[in-house]
Amino acid sequence: MKQMLNREPFALATFSLVILLMPIWLTPFGANYPDLLQKFAIFAIFAMGFNILFGLTGYLSFGHAAFLGVGSYAAVWSFKLFTMNVLPAIVFGVAFAGIFALAIGYVSLRRSGIYFSILTLAFAQMSYNLAYSVLTPITNGETGLQLTLQDPRIIDNAFSTPGAGLPETNLFGIDMSGYPGFYFCAVVLIICFFITRRIFNSPFGLTLRGIKSNQNRMGYTGFNTRPYTLAAFVISGMFAGLAGSLLAVTDPLAGAERMQWTASGEVVLMTILGGVGTLVGPMLGAWLIKYLENIFSAFNHTTLENFFSFLPEGLQSFAVELSSLFVGEGWHLTLGVLFMLIVIFLPGGLMEGWRRLLRRFSGGGGGKPEPAVAVQPAE
């Protein structure tokens, strides 16, 4: 049975089934509407790509949101200049993010540890500020880059007559809004999962694990690690660019806020919550954070009053006031408490909790638990 589970086709088929059936099995959790499902798929790709750099190589980047923003801007410009078909937009988003990641990685990877992290943060903030100032003709500044009726859309206008309103993003005529948009993102996520799985199990992935374990020792043996770390950085940046272009596909606009340091910090939280260095852990972390953001942030006083309506009036008011600190605009407090609990009790993230449950129910609960792997930036 274990050998069957480890087979590539079985793992890919199981993962595909879980992703494609998300609108069904997420219904009891109230998370089956298209906008949230699209975010689940997109930010899973973002976290999965970040995990290739952080989880496999041990390099902690605080500036990955820059590539997310570049992918979004490139995709929207593709819609404005050429066609509303999503495939060219994705190609442009991934390509420009990869080129940008190559430039930033070439400089940042000259340092390691905390110095690398600070460099990536500095580059991301520079990009964020440039998008609001010098690059306003390209990014449209605070307003954000949006579609207009005056856009040339050379390819589309050459083969059809422009409509009265703004066109919709499409895949050869299929609108990318609602559930079709989710299923498109889901197929891209499945492809990314297959690529990531192959990277994890490839000699390249084993080399990245060796760099994370002891980069100095590999250097002493005459092994040049720099091309591998740069390749991991570029691949990770391209995943982020893909996620950014998909954000533009489902909602054709791009703003500089996607490049802010808080967006970079969010993907770090996703990876740590799910399990650094695991294959599906970062996806679980991304889904958890996006679920809390969209569900808990929607709660208000009326919702809480209805929920606690079974309590006496005085006790109800107390429960509503206390709960309101953790929902609505205060949902970040819930996320902070959850993050603190997981780091303290499950250092390996949600995947460590899953492994503990498997050991317990498989009869191995009395054995000695596996030690948590300490994740540190590469030295």
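Residues numbered from 1 in each chain as written. Predicted model: local features only at pLDDT ≥ 70, side-chain atom pairs only at ≥ 80, totals over all residues. Heavy atoms only, no water.

A. Broad picture of the nonpolar core. With 92 residues, the main nonpolar core has Ile45, Leu189 and Leu246 as its most contacted residues. In terms of residue count, helix H4 (residues 34-57) provides more of this core than any other element does, 16 residues in total. Excluding its chain neighbours within four sequence positions, the residues that come into contact with Ile45 are Cys185, Val188, Leu189, Cys192, Phe239, Leu242, Ala243 and Leu246. Membership of the second largest hydrophobic core comes to five residues, among which are Phe308, Ala319, Val320 and Val327. (Core = buried A, V, L, I, M, F, W, Y, C linked by side-chain atoms within 4.5 Å. Buried < 20%, exposed > 50% of the residue type's maximum accessible area, 1.4 Å probe, protein only. Helix = DSSP H or I, 4+ residues; strand = E, 2+ residues; numbered from the N terminus. Contact = heavy atoms within 4.5 Å.)

B. Molecular detail of unusual backbone geometry. Even without being a glycine, Asn140 presents a positive backbone phi close to 65°. Within the element layout of this structure, Asn140 appears in the loop between helix H8 (136-139) and strand E1 (145-146). Looking at Asn140, the relative accessible area reads 36%, which means it is partly exposed. For Phe172, which is not glycine, the phi torsion reads 55° and is therefore positive. By the secondary structure assignment, Phe172 is in the loop between strand E2 (170-171) and strand E3 (174-175).

C. Inspection of the packing of H4 against helix H11 (residues 203-220) at higher detail. Packing of H4 against H11 brings their axes to within 7 Å, and their N-to-C directions diverge by 55°. Compared by their axis directions, H4 and H11 come out oblique. Two secondary-structure elements touch here, H4 through Ile52, Gly55, Leu56 and Thr57 and H11 through Leu208, Arg209, Ile211 and Lys212. By residue class, the composition of the contact of H4 with H11 is four nonpolar, two polar and two charged. (Axes fitted to C-alpha atoms, helices over the stretch in contact; angles between N-to-C directions. Parallel < 35°, antiparallel > 145°, perpendicular 65-115°, else oblique. Nonpolar A, V, L, I, M, F, W, Y, C, P; charged D, E, K, R; others polar.)

D. Quick peek at helix H6 (residues 86-108). The terminal C-alpha atoms of H6 lie 32 Å apart, and with 23 residues this matches the ideal 33 Å at 1.5 Å per residue to within 8%. Among all positions of H6, only Val86, Ala89, Ile90, Gly93, Val94, Ala97, Gly98, Ala101, Ile104, Gly105 and Ser108 are buried. Each element contacted by the buried residues of H6 is listed here: helix H5 (65-81), helix H7 (113-132), E2, helix H10 (178-200) and helix H12 (226-250). Its side-chain oxygen placed 3.0 Å from the backbone nitrogen of Leu87, Asn85 serves as the N-cap of H6. (Expected span 1.5 Å × (residues − 1). Polar contact = N/O pair within 3.5 Å; in protein donor to acceptor, adjacent residues only side chain to side chain.)

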